[in-house]
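Commentary on secondary and tertiary structure
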Amino acid sequence: MGAVLALCGAVSQGLFRNPLADPSLIGVTGGATLGAAAAMALGAAALPALPVLTVVSLGAFAGGVAAVLLVYRLATDSTGTSVATMLLAGIAITALAGALVSLFEFYADNALLRRISLWKMGGLETGSRPEVLLALGVTAVLCVALPRHGSALNALLLGESEAAHLGIRVGRLKAILVAWIALGVGVSVALAGTIAFVGLVVPHVVRLAIGPDHRYLLPGSAMAGAILLLLADTAARLLAPPAEIPVGILTALVGVPFFLSLLRQRARFGMVAA
Amino acid sequence: MSVLLAARGLSAGWGGCPVLSGIDLQLGSGEVLGLLGPNGAGKSTLLRAMAGDLAPLAGTLALEGRTLADWAPEQRARRVAYLPQASKLAFPFTVHEVVMLGRLPHDAGRRADEAIVAEVLAWTDTNHLASRLYTLLSGGEQQRVQLARVLCQLLHRAPDEPLGGRLLLLDEPSAALDLRHQQLLADTVRNLAARGCSVVLSLHDLNLLSSLADRLLVLADGECRALDTPAALLTRAFLGELFGTELAVQPHPLKGYPLVFPAL
């Protein structure tokens, strides 16, 4: 999961040409959370034939895709895609999704409420066999599919029309990448809830260490993300046994101060505010 | 001289509203065409239409007889390279990595890529910057690096190959350059053109344009006002009317091409 989140983070930072882009900042995580909550509240009743896991995953995926399309549409006009608008739209979508999730919680009974809120905190404690298989499958697919676009993502950093002049089919590339991000984030949210800041911080650290070349950044981020989340999860299990602190809380607690210090130091590494 | 790029009745613009209309032009191989005109005349729009950014709203624009849109993106990228007015790369790539991005459309192999990159770094006097971070360079240095990237996109397999059938589009390439690097740019453009590469460039420096261009396309309000040699067009009367200001024109003391001065 850590690998998936970090990969999706690295790809969205490249896609939006902004080192601050992160699935949770541009509304994908919010949308996926809403989709999953809706699936938990309504889906299980509506589609009793399917296993709960599938319904929640589908809901999260659909929510993620809807959010990313909406944000992208809002931020794009004839002159191109504005990153600032995209971040603002992402904040708005996240707020809207948060409100709707609260609405579901308000009308939920006690059991469902506890399930939604525990799951929102993010955790890896429930690892049933099909869940692990789904996670492994998606991780494997993304680890193979995304690094293939490394060179194209490098070109995209020059700007969309510059990438087109280098022979990249930009429209198709963006559609493919957005679909992969939504899949990765959707499944990850469905399985583990919202695990904050892995997608933002890991690519940042890796970029500082080995440079912004996506051909190395993507596999590097995947590995570092996996290691980081493994450490965070181990810490979450060890800190207060036998209880297990939801790992999403831990990554946010560590990630936010780290992120703020990155913001202050960006200029030193030649990062210009976008 | 064979025709590389042909525009017929070309209109182009953003959001369906034409900035440019009725452009007729035939660009030969190895020809250097200068775009001249006041701010907002449509110079950048014409360059972006030639680069394939903007589909023609009316008329046609064909590279070697085939409409730009009919070229596969990978194929077109090996023929046409475009340097925009401003670049907005905000990630800390090294200069070498930025220039190497220009090799993306090619599969000449690592050795040829490195040889070509080394050569264009020399052309643009950016050798000594190769391992620096692009984001920490000055504006003029960044412009030279972007120029190097665009130049190495035009080369296929070797730095000294003939360059027929290729088109270099430069939008204000000298805006941030000091005098020495302006001269270096002019030398590079002349050298490429002599090897068969066609060049279209817009410059506000009339004297640099006058020394470089075989022909000038004069744009005003999105229309073609004139298309002729610098010697025929760079006259006091024509320029004064075009730019709405008093100017003086003298031949260059050594080379003879027209030089333009403000008549204070």
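This text goes with the structure placed above it.
As a starting point, this report considers the structure included with it. Values in this document were obtained by computation on a predicted structure and should not be read as measured data.

**Describing the overall build of chain B**
The secondary structure content of chain B amounts to nine helices and 12 strands. Radius of gyration (C-alpha) of chain B: 18 Å, near the 18 Å computed for a compact globule of 264 residues. C-alpha atoms of chain B, sized along the principal axes, occupy 55 × 40 × 35 Å. Across the 264 residues that make up chain B, the buried fraction comes to 45%. The contacts in chain B between residues at least 6 apart in sequence include a share of 69% that link residues at least 24 apart.

**Some remarks on the overall build of chain A**
Tallying secondary structure elements over chain A gives 12 helices and two strands in all. Helices and strands appear in chain A in the N-to-C order α-α-α-β-β-α-α-α-α-α-α-α-α-α. When each of the 274 residues of chain A is scored for burial, the buried share is 51%. Put simply, 77% of the contacts in chain A that link residues at least 6 apart link residues at least 24 apart.

**Some words on the interface of chain A and chain B**
At the junction of the two partners, chain A supplies 23 residues and chain B supplies 26 residues. Looking at the side of chain A that touches chain B, the elements that each hand over two or more residues are helix 7 (150-156) and helix 8 (160-165) of chain A. By residue number, the principal contributor to the side of chain A that touches chain B is helix 8 of chain A, which donates four residues. The residue makeup of the side of chain A that touches chain B, split by class, is 11 nonpolar, eight polar and four charged.

**Focus on helix 9 (residues 170-192) of chain A**
Relative to the 33 Å expected for 23 residues at 1.5 Å per residue, helix 9 of chain A spans 32 Å between its end C-alpha atoms, a close match to the ideal helical length. Looking one or two residues past helix 9 of chain A, glycine 193 of chain A carries a phi angle of roughly 70°, positive in sign.

**So, the sheet that holds strand 4 (residues 58-63) of chain B**
Backbone-to-backbone hydrogen bonds pair the strands of a sheet. The strands run either parallel or antiparallel. Residues and elements named next belong to chain B. Read from one edge of the open sheet, four strands run 2-1-4-5, paired in antiparallel fashion. With one partner strand each, in any of the chains shown, strand 2 (17-28) and strand 5 (66-67) form the two edges of the open sheet. Bridging between strand 4 and strand 5 involves two bridges; their strand directions are antiparallel. Each bridged residue has a counterpart across the sheet, and for leucine 63 the counterpart in strand 5 is arginine 66. Helix 1 (residues 43-51) rests against strand 1 (3-14), strand 2 and strand 4 of the sheet, and its axis sits at about 120° to strand 1.

**Details of unusual backbone geometry**
All names here are of chain B. Unlike most non-glycine residues, glutamate 64 shows phi in positive territory, near 50°. As for its placement among the helices and strands, glutamate 64 is situated in the loop between strand 4 and strand 5. For glutamate 64, a count of 14 C-beta atoms within 10 Å corresponds to the partly exposed category. Non-glycine residue aspartate 125 carries a positive phi angle of around 55°. Structurally, the position occupied by aspartate 125 is in the loop between helix 4 (110-123) and helix 5 (139-154). In this structure aspartate 125 comes out as partly exposed when scored by C-beta crowding, with 15 C-beta atoms within 10 Å.

**Overview of the environment of threonine 45 of chain B**
You can see threonine 45 of chain B is positioned in helix 1. Discounting chain neighbours no more than four positions away, the residues touching threonine 45 of chain B are Ala12, Gly13, Val19, Leu20 and Leu54 of chain B.

**Concerning the environment of valine 249 of chain B**
All names here are of chain B. In this fold, valine 249 is placed in strand 11 (residues 247-251). Look at valine 249 and you get partly exposed, because 18 C-beta atoms sit within 10 Å. Between the alpha carbons of valine 249 and alanine 69 there is a distance of 42 Å; along the sequence they are 180 residues apart. Here valine 249 is in contact with Leu234, Thr235, Arg236, Pro258, Leu259 and Val260, once residues within four sequence places are set aside.

**Some details on the nonpolar core**
Counting residues in each nonpolar core, the largest one holds 160 residues, and the members touching the most others are Leu7 and Ile181 of chain A together with Val99, Leu169 and Val199 of chain B. Top element by residues in this core is helix 9 of chain A. It accounts for 12 residues.

About the thresholds
- Residues numbered from 1 in each chain as written.
- Chains lettered and ligands numbered in written order.
- Predicted model: local features only at pLDDT ≥ 70, side-chain atom pairs only at ≥ 80, totals over all residues.
- Helix = DSSP H or I, 4+ residues; strand = E, 2+ residues; numbered from the N terminus.
- Rg over C-alpha atoms; globule rule 2.2 N^0.38 Å.
- Buried ≥ 20, exposed ≤ 12 C-beta atoms within 10 Å, placed from the backbone.
- Contact = placed C-beta atoms within 7 Å.
- Nonpolar A, V, L, I, M, F, W, Y, C, P; charged D, E, K, R; others polar.
- Expected span 1.5 Å × (residues − 1).
- Pairing = 2+ DSSP bridges.
- Axes fitted to C-alpha atoms, helices over the stretch in contact; angles between N-to-C directions.
- Core = buried A, V, L, I, M, F, W, Y, C linked by C-beta atoms within 7 Å.

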